[in-house]
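# Summary of structural features
Now for the letters of each chain:
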Amino acid sequence: MAHETADTLGEFLRARRGQISPQQVGLPAGERRRVPGLRREEVAQLAGISPEYYLRLEQGRNLNPSDQILAALAGALQLDEDAVAYLHRLAHPAPPARRPRSRARTNQGDLQPLLDSWPQTPAYALGPSGRVVAANRLAVLLCPFFAVGHNPLRAAFLEPEMRSLYPQWDDMTAKAVSGLRAMIDVDEADSELLETIGELTVTSERFSTLWTRREVRRRDTGLTRLNHPLVGELDLHYEKMVRPQARQLIVVYYADQGSTSAERLAILSSL
């Protein structure tokens, strides 16, 4: 499955130039274009490289571009910090690290007592497979797909309840996929996570569209709105914290003190 989900430098460049209009980079639109976005020669012009060299990059025939070339391409394609980091990862992939997988598995359960000590704060932890490995009671009350054993990414695209829970579902799913691209190293990713990506690419048109766009943006903090079936609308902040050694991601939600969302979250915790 890895070959279906892995990205290449050429695929990334093609996808990103297709999302930028000539007007965005100060070029005339000219005659009708058969495809949206910039042409190869326009990207080459903006980056100050030859069209032949850029074509080799997209075709995967030049696998060692310099940092100077990558910086020029990033400027031409208007990449932000996260996308630039992803571009460098594709151009200069790190050698596979030897990781003691047994340690990651044995550490997965040790978060449960910590999360249970936060009875007023919804929190759950994801393992490398994308499944929840620990969750407190309030997190499960907030969303049943935050319970241990579930895969929230898969649920976001395939479970109808998630569309009802997230009134801004389009925005939520876009952030989920761009955040996944920013965090995942496909060469070292868990096989189950790669299988989930492959499954969603086939079964969810929305996921397939977002994954093909290759947008990269890491969001460790933010605000999300939920329409909870028991307590109504909730505006919650979220924080994401990585535990590198255990290969886990902790997700915590909280409301502004004194807000209506805080009151409703307290009601939910008392149920």
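Each remark here, short or long, concerns the structure printed above.
Now for a quick tour of the structure.

### So, the nonpolar core
Within the largest apolar cluster, 41 residues are counted, with the highest numbers of intra-cluster contacts made by Leu142, Phe157, Tyr166 and Tyr253. Counting residues in each nonpolar core, the second largest holds 28 residues, with Val43, Ala44, Ile49 and Leu73 among its members.

### Here we look at the packing of helix α2 (residues 9–17) against helix α4 (residues 51–58)
As a packed pair, α2 and α4 sit with axes 7 Å apart at the nearest point and diverge in direction by 115 degrees. One element, α2, and the other, α4, form an angle in the roughly perpendicular class. Together, Leu9, Gly10, Leu13, Arg14 and Arg17 of α2 and Tyr54, Leu57 and Glu58 of α4 make up the contact between the two elements. Residue composition of the contact of α2 with α4, grouped by class: four nonpolar, one polar and three charged.

### Focus on unusual backbone geometry
Keep in mind that most residues, glycine aside, have a negative phi and that most peptide bonds are trans. Backbone geometry at Gln78 places phi at a positive 55 degrees, although glycine is not the residue there. Following the sequence through the fold, Gln78 ends up in the loop between α5 (67–76) and α6 (81–91). The exposure class assigned to Gln78 is partly exposed, which follows from its relative accessible area of 42%. Positive phi outside glycine occurs at Arg214, with the angle close to 55 degrees. The residue Arg214 is located in the loop between α14 (205–213) and β3 (221–228) in this model.

Cut-offs used in this document
As a convention, each chain's residues are numbered from 1 in the sequence order in which they are written. Restriction of local features to residues with pLDDT of at least 70 applies here, the model being predicted, together with a cutoff of 80 or more for giving and counting side-chain atom pairs; totals for whole chains, interfaces and linings are based on all residues. In computing side-chain values, all of the structure's heavy atoms are included and hydrogens and water are not. Residue types Ala, Val, Leu, Ile, Met, Phe, Trp, Tyr and Cys, when buried and joined through side-chain atoms within 4.5 Å, form a set referred to as a nonpolar core. Remark: exposure states derive from per-residue accessible area (1.4 Å probe, protein chains only) relative to the maximum for the residue type, with buried under 20%, exposed over 50%, and partly exposed in between. Orientation is described by axes fitted as lines to C-alpha atoms, over the contacting stretch for helices, and by angles from 0 to 180 degrees between their N-to-C directions. Strands are runs of DSSP state E lasting at least 2 residues, helices are runs of H or I lasting at least 4, and numbering of each runs from the N terminus. In what follows, roughly perpendicular refers to angles from 65 to 115 degrees, roughly parallel to angles under 35, roughly antiparallel to angles over 145, and oblique to any angle outside these ranges. Note on definitions: a residue-residue contact is assigned when non-hydrogen atoms from the two residues lie within 4.5 Å. Gly is placed with the polar residues, together with every amino acid not listed as nonpolar (Ala, Val, Leu, Ile, Met, Phe, Trp, Tyr, Cys and Pro) or charged (Asp, Glu, Lys and Arg).

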